[in-house]
Amino acid sequence: MRNHLQGQTSPYLLQHAKNPVDWYPWGQAAFEKAAAEDKPVFLSIGYSTCHWCHVMAHESFEDQEIAEILNQFFVSIKVDKEERPDIDSIYMAVCQAFTGGGGWPTSIFMTAGQKPFFAGTYFPKTARYGSIGLKELLLAVQDKWQNDRKALLHSANEIVDMINNRQPHPSDTDETLPERAVELYQQSFDERWGGFGPAPKFPTPHNLLFLMQHAQKHHDGNALQMAEKTLRQMYRGGIFDHIGYGFCRYSTDAYYLVPHFEKMLYDNALLILAYCRAYEMTGQPLYRQVAEKTASYLLSEMTSADGGFYSAQDADSDGEEGKYYVFTPEEIRNVLGDGGGAAFSAYYGITDRGNFEGKSIPNLLHAADFTDQFDKHLPALRHYRKTRTALHTDDKILTSWNSLMIAALCFLYRISQNSAYLQAAKRTRQFIEKNLCDGDALYVSWRNGQRNENGFLDDYACYIFALLSLYDVSFDRAYLFRAEELTQKAIRTFFDHNSGGFYLSGKENETLIFRPKESYDGAVPSGNSLMAYNLVRLNHLNLDEKTNEILQKQLYFMSGEAKEYPAGYAMFLMALSDYLEPPEIITVSRSHEDDDLKELPFVVSSSSIVRISDVEDGRYPLLNGQTAFYVCQNHSCLPPVTKQGFYEKYRVTREGEPLI
């Protein structure tokens, strides 16, 4: 069988290119066909490493009976949510309006005019799990379409009107939001196992970054303890791959033992940031080691020859979830020998009984302490695991997620002083500039030599964040100028000057049934939260007055969004905190003879703002002809000091030295 997905670049769409379902990619051809043939549209949204997407595909989309129903009565469209976040955002909101929840695969029934009239997520082929079967649902929708279409269209119009008429509620910048968020985290914190709320538990590293920022600013040991407990438990559990490194997407249980086994680039990038911050604050070497292990996985298994990072690795192998990751004691003994295998299994909790469907996920939940004595065995087990079965890798390279990885590598360079991480960050930045940029225009993704779709807000927000991270560890103002250029482009393209906030899709993107403004921080920080963070950071680095007006509107917009549940807006709260309580600002007036600041990132905290001043500026004179450092905080400034004096007085945490 061949359908209209042949020739697409998305790995997800190509997974369905040989289905008997006559899939179309999103586009004019599909909607024109639906209108001409007077058929409803069935829209299925997912991504290539999604377990339940695979299940629904195998049960229904590879099934001839289901395909015949879809082909006869519907026009079917497949969308990769990672390439089209605008479509995903709109119809996920629709799904949540219909069902009270959401997830992938997302299943939408709509008109040729793109108006949805029914939505859900996974449907089995026939009724089970308390859910209607897809076969019964398709036939019911077809009957309703033919015999009671007015009711369906009324539902469609109501849903579109409801979402379109949602009004933002800008608010004055509320200084209580960070404290209220900390209280909410405390209420949901799992003191025994770490994390927040019941299972499933997602990493949400930006929540931990906020708690650590709050701990540093307010000497709040309790906030730091919540972050540290969570970071240590995630590493102990099976959510961390102790054989090949890197974190899985989330834990299905409360104690981080059994993960959903897919690995996502964004999770691992953000977790590197969180573990680096924990190391910087506490000096505990474990956190640096976890960050470096995670980076080693990404650099060895998830990096293209040109320096871009792939998107994800699948949860399934040979049709079984987690098969790639689990072991029996016998397998370990066969690879490592009886003595070494027994000790390894004892340390990593690999037992005859198993902890996942009769086999064992390696973990350290019951280990008394951490040791590196078994690291020598890991290469052999990695090799064995790869020969036993294989993982599918989504080799699509996304601008937004690669940008988060650039920021992670910059932070890792800061705490490790290993220049290889900075070189990797610069290489990824060069990949983006070469393949995913055209002047000040960004694109969403790149695969097989092709870039796809004009960039959305998240692409700009994440890449600006990456450029500011590169500036923070290099003090090369070319990164700062590029960040400012793209910030102006994002304002022109996405900003709502009337109500504040940035739209997800901009003037260069396809016009859909409405333009969402995503503000809530989910698995990744929202584009609006990141833009607030970027604007505050740029404000400290001498943002111009016109852009400062945008910052004020953005803070008002996000304060209104966050006031009902501030714990869901951690990245914005970090921005708000830095706006209300500016971090230490260091202005460096550099002499022409002394342009070497390569040691500075290892001296100052990551929370500090470093501004480079031209001597010709005149506002920050040299000190006896030498480079001068001006340090200001809490609206007061210290007398300037030379580089030697500054380096002796100011330095970030070293191993074993707590910051607070």
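See the structure above.
Summarised in this report is the structure supplied together with it. It should be emphasised that the depicted structure is a prediction, and the values quoted were computed from it without experimental measurement. (Residues numbered from 1 in each chain as written. Predicted model: local features only at pLDDT ≥ 70, side-chain atom pairs only at ≥ 80, totals over all residues. Heavy atoms only, no water.)

From N to C terminus, the protein includes 23 helices and 21 strands. Taken over 660 residues, the protein has a buried fraction of 61%. The long-range fraction of contacts in the protein, counting pairs at least 24 apart against all pairs at least 6 apart in sequence, stands at 69%. Carbon and sulfur atoms form 47% of the exposed surface of the protein, whose accessible area is close to 25900 Å². (Helix = DSSP H or I, 4+ residues; strand = E, 2+ residues; numbered from the N terminus. Buried < 20%, exposed > 50% of the residue type's maximum accessible area, 1.4 Å probe, protein only. Contact = heavy atoms within 4.5 Å. Areas by Shrake-Rupley, 256 points an atom, 1.4 Å probe, with all protein chains shown as cover.)

The omega torsion of the bond from W104 to P105 falls at 5 degrees, within 30 degrees of zero and hence cis. Along the chain, P105 turns up in the loop between α5 (85-99) and β4 (106-110). Despite not being glycine, T204 shows a phi value in the positive range, around 35 degrees. You can see T204 is positioned in the loop between α8 (177-188) and α9 (205-218). A positive phi angle is found at Y245, which is not glycine, with a value near 75 degrees. Within the secondary structure, Y245 is located in the loop between α10 (221-236) and β6 (250-251). Judged by its relative accessible area of 11%, Y245 falls in the buried class.

Along strand β2 (residues 41-46), 6 of the 6 residues are buried, which leaves the element largely enclosed by surrounding structure. Residues of β2 alternate between two faces, with V41, L43 and I45 on one and F42, S44 and G46 on the opposite face, all of them buried. Pairing of β2 with strand β3 (residues 75-80), which is carried by 6 bridges, proceeds in the parallel orientation. Of the residues in β3, the one forming a bridge with V41 is V75. Of the pairings in the sheet, the one linking β2 to β4 comprises 5 bridges and is antiparallel in character. Paired with I45 across the two strands is T106, which belongs to β4. (Pairing = 2+ DSSP bridges.)

Attention shifts here to the packing of helix α11 (residues 265-282) against helix α16 (residues 399-416). Taken N-terminus to C-terminus, the directions of α11 and α16 make an angle of 25 degrees; their axes are 8 Å apart at the nearest point. As far as their axial angle goes, α16 and α11 are roughly parallel. You can see that α11 and α16 cross each other, and the crossing is left-handed. Here L265, Y266, A269, L270, I272, L273, C276, R277, Y279 and E280 of α11 come into contact with α16, specifically with W401, N402, L404, M405, A407, A408, F411, L412, R414 and I415. In the contact of α11 with α16, the residues fall into 16 nonpolar, 1 polar and 3 charged. (Axes fitted to C-alpha atoms, helices over the stretch in contact; angles between N-to-C directions. Parallel < 35°, antiparallel > 145°, perpendicular 65-115°, else oblique. Left-handed = near helix turned anticlockwise from the far one by under 90°. Nonpolar A, V, L, I, M, F, W, Y, C, P; charged D, E, K, R; others polar.)

The strand order β8-β9-β12 describes an open sheet built from 3 strands, whose pairing is antiparallel. Two strands close off the open sheet at either side, each with one partner strand: β8 (263-264) and β12 (393-394). Sheet topology note: the strand β9 (residues 312-313)/β12 ladder contains 2 bridges and is antiparallel. Its bridge partner lying in β12, A312 is registered against D394.

Judged by nonpolar contacts, the single largest core of 182 residues is most densely connected at M212, Y275, F344, F572 and L600. Discounting residues that sit within four places of it in the chain, Y275 has contacts with L231, M234, Y235, F247, Y287, V290 and A291. Core analysis: the second largest hydrophobic core is formed by 25 residues, V94, I108, M110 and A119 among them. (Core = buried A, V, L, I, M, F, W, Y, C linked by side-chain atoms within 4.5 Å.)

The subject of this paragraph is helix α6 (residues 134-147). If you check α6, its first and last C-alpha atoms are 20 Å apart, about what 14 residues at 1.5 Å a residue would give, namely 20 Å. Of all the positions in α6, only L134, L137, L138, V141, Q142 and W145 are classed as buried. Within α6, the buried residues cover an arc of 130 degrees as seen down the axis, which keeps them to one side. Looking at the buried positions of α6, the neighbouring elements they touch are α3 (51-61), α4 (64-73), β4, β5 (116-120) and α7 (149-164). (Expected span 1.5 Å × (residues − 1). Arc of directions from axis to C-beta.)

Looking now at the sheet that holds β5. Spatially, the 5 strands line up as an open sheet ordered β1-β3-β2-β4-β5, and their pairing is mixed. Bordering the open sheet on either side are β1 (23-25) and β5, each of which pairs with just one other strand. Averaged over neighbouring strand pairs, the angle between their axes works out to 25 degrees when direction is ignored. Both β4 and β5 contribute to a ladder of 4 bridges, which runs antiparallel.

Moving on to α11. Its 18 residues give α11 an end-to-end C-alpha distance of 26 Å, which sits within 8% of 26 Å, the value for a rise of 1.5 Å per residue. Burial analysis of α11 places 18 of its 18 residues in the buried class, the great majority of the element. Phi for G283, located one or two positions after α11, is positive at around 75 degrees.

This part takes up the packing of aromatic side chains. The way to describe two aromatic rings as a pair is by their centre distance and the angle between their planes. With the rule as written, the count across this model stands at 44 aromatic pairs. For the pair Y47 and W104, a centre-to-centre distance of 6.0 Å together with 80 degrees between the ring planes defines the contact as edge-to-face. Of this pair, Y47 sits in the loop between β2 and α3 while W104 is found in the loop between α5 and β4, placing the two residues 57 residues apart along the sequence. Y47 sits in the buried class, given a relative accessible area of 3%. Relative to W401, the ring of Y266 has its centre 4.7 Å away and its plane inclined at 65 degrees; by these criteria the two rings are edge-to-face. With Y266 in helix α11 and W401 in helix α16, this residue pair connects regions lying 135 residues apart in the sequence. The exposure classification of Y266 matches that of W401, with both residues buried. Directly above the aromatic system of W23 lies the positively charged group of K78, at a separation of 4.9 Å from the ring centroid. Here the basic side chain of R451 rests over the ring of Y443, its NZ or CZ set 4.2 Å away from the ring centre. (Phe/Tyr/Trp six-rings, centres within 6.5 Å; stacked < 30°, edge-to-face > 60°. Lys NZ or Arg CZ within 6 Å of the ring centre and 35° of its normal.)

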